[in-house]
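For reference, the chains in residue letters:
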Amino acid sequence: DTDSNETDSGQKITGTNGDEKLRLPAARALGIDHVVNVQKDNALQMVQELTDGAGADVVVEASGAEPAIRQAFDLVKIDGRICGLGLSGKEDINIPWDTSIIKAVRLVCSMSSNWTSWERALSIMAGSKIDLDPLITADCALHDWQKAFALLQNLEAIKILLKP
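Reading the values: the criteria
Residues numbered from 1 in each chain as written. Predicted model: local features only at pLDDT ≥ 70, side-chain atom pairs only at ≥ 80, totals over all residues. Heavy atoms only, no water. Helix = DSSP H or I, 4+ residues; strand = E, 2+ residues; numbered from the N terminus. Buried < 20%, exposed > 50% of the residue type's maximum accessible area, 1.4 Å probe, protein only. Contact = heavy atoms within 4.5 Å. Areas by Shrake-Rupley, 256 points an atom, 1.4 Å probe, with all protein chains shown as cover. Lys, Arg positive; Asp, Glu negative; His and termini not counted. Charge placed at Lys NZ, Arg CZ, Asp CG, Glu CD. Patch = residues over 30% accessible without salt bridge, like charges linked within 9 Å, V, L, I, M, F, W, Y side chains within 5 Å. Salt bridge = Lys/Arg side-chain N within 4 Å of Asp/Glu carboxyl O. Phe/Tyr/Trp six-rings, centres within 6.5 Å; stacked < 30°, edge-to-face > 60°. Expected span 1.5 Å × (residues − 1). Pairing = 2+ DSSP bridges. Right-handed = clockwise from strand over helix to strand, strands pointing away. Axes fitted to C-alpha atoms, helices over the stretch in contact; angles between N-to-C directions.

Peer 1: Could you clarify how one ought to interpret the overall build of the protein in this entry?
Peer 2: When its secondary structure is counted, the protein shows 6 helices and 7 strands. Its helices and strands in sequence order give the protein the pattern β-α-β-α-β-α-β-α-β-α-β-α-β, from N to C terminus. Each principal axis of the C-alpha atoms in the protein carries an extent, and together these give about 50 × 40 × 35 Å. For the protein, buried positions account for 24% of its 164 residues. Across the protein, every contact between residues at least 6 apart in sequence was considered, and the portion connecting residues at least 24 apart equals 45%. Carbon and sulfur atoms provide 52% of the accessible area of the protein, an area that totals close to 11,500 Å². Positive and negative charge centroids in the protein, built from 16 and 24 side chains respectively, lie 5 Å apart.

Peer 1: Quick question: what am I supposed to make of a nonpolar patch on the surface here?
Peer 2: A contiguous nonpolar surface patch, about 410 Å² in accessible area, is contributed by Leu142, Trp145, Phe149 and Leu162. Structurally, the position occupied by Phe149 is in helix α6 (residues 145-153).

Peer 1: Sorry if this is basic, but what is going on with helix α3 (residues 66-75) here?
Peer 2: Residues spaced three or four apart along an α-helix face the same direction, because each turn holds 3.6 residues. Buried within α3 we find Glu66, Ile69, Ala72, Phe73 and Leu75. In this fold, the buried residues of α3 make contact with α2 (43-50), β3 (56-61), β4 (76-84) and α4 (97-102).

Peer 1: Quick question: what am I supposed to make of the packing of aromatic side chains here?
Peer 2: Centre distance and the angle of the planes are the two values used to describe a pair of aromatic rings. Summed over all chains, the structure comprises 1 aromatic pair. A centroid spacing of 5.6 Å and a plane angle of 90 degrees characterise the contact between Trp145 and Phe149, whose relative ring orientation is edge-to-face. In this pair, Trp145 and Phe149 are both assigned in helix α6, 4 residues apart and thus about one turn of the helix distant.

Peer 1: So what exactly am I meant to see when it comes to the pattern of salt bridges here?
Peer 2: Once their charged atoms are close, side chains differing in charge can pair, the charge on each being opposite to the other. Here the structure, examined in full by the defined rule, presents 6 salt bridges. Lys40 is paired through a salt bridge with Glu20; the nearest N and O atoms lie 3.8 Å apart. A residue pair is termed long-range when its members are at least 10 positions apart, and Lys40 in the loop between β2 (34-37) and α2 and Glu20 in the loop between β1 (12-15) and α1 (23-29) qualify at 20 residues. With its nearest N and O atoms 3.5 Å apart, the salt bridge here joins Glu66 to Lys90. Linking Glu66 in helix α3 with Lys90 in the loop between β4 and α4, this pair joins segments that are 24 residues apart in sequence.

Peer 1: Help me out: how do you make sense of helix α5 (residues 115-126) in this one?
Peer 2: A rise of 1.5 Å per residue sets the reference length of α5, with its 12 residues, at 16 Å; its end C-alpha atoms lie 16 Å apart and thus fit the reference within 8%. Of the residues flanking the end of α5, it is Ser128, one or two places downstream, whose phi is positive at about 55 degrees.

Peer 1: So what exactly am I meant to see when it comes to the pairing of β1 here?
Peer 2: On any regular strand, side chains alternate: one points to one face of the sheet, the next to the other face. Two strands pair when backbone bridges link them, and β1 and β2 are joined in this way by 4 bridges, in the parallel orientation. Directly across from Ile13, in β2, lies its bridge partner Val35. You can see the chain leave β1, run along α1 and come back into β2, and the turn it takes is right-handed.

Peer 1: In this structure, what is going on with the sheet that holds β3? I would like to understand it.
Peer 2: The strands that make up a sheet pair up through hydrogen bonds in the backbone, lying either parallel or antiparallel. Overall, parallel pairing links the 3 strands, which are arranged β3-β4-β5 in an open sheet. Whereas interior strands pair on both sides, the edge strands pair on one side only; in this sheet they are β3 and β5 (106-109). With strand direction ignored, the average angle separating the axes of adjacent strands in the sheet is 15 degrees. Looking at chain direction, β3 and β4 are connected through 5 bridges and run parallel. Within the sheet, the bridge partner assigned to Val58 lies in β4 and is Arg81. Sheet contacts for α3: β3 and β4; angle to β4, the most-contacted strand, approximately 150 degrees.

Peer 1: What am I meant to see in unusual backbone geometry here?
Peer 2: Glycine aside, residues mostly have negative phi, and peptide bonds are mostly found in the trans state. The phi dihedral of Ala104 is positive, around 55 degrees, even though this residue is not glycine. Looking at where Ala104 falls in the secondary structure, it is placed in the loop between α4 and β5.

If you want it as structure tokens, here you go:
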């Protein structure tokens, strides 16, 4: 049963200027409802407007960038959930602890999944239920893996198929 006060405002994704070339257009192509460059637009203001001031039900933080991690706590609603996926590469980062307590944030972190998740993902991909073409921006021979990783690091690719 859905709470009648909740607004269905669709999916939102944020990125930076470096994402303008590939990642943000791919998000639009995949049907993401609201795509925001946080270096040009105010993500917090957008979320507040779209949710009538409530905040996001779930924030998935996949970048690992400290400013994005910190902003997740501002974007999430009271009793909302933050799913941490992105590695920061640092031993310690600052998070707004008091905000997380006041909002009763549920923080869930994940580094991996189990084999059933892989089977489910492969099944979805095989069944063509999701168009992944906007995400696969290059393919390389397996022996050119270093080139593939450089493309990813330089934000010149989103996902790369490595072919034997």
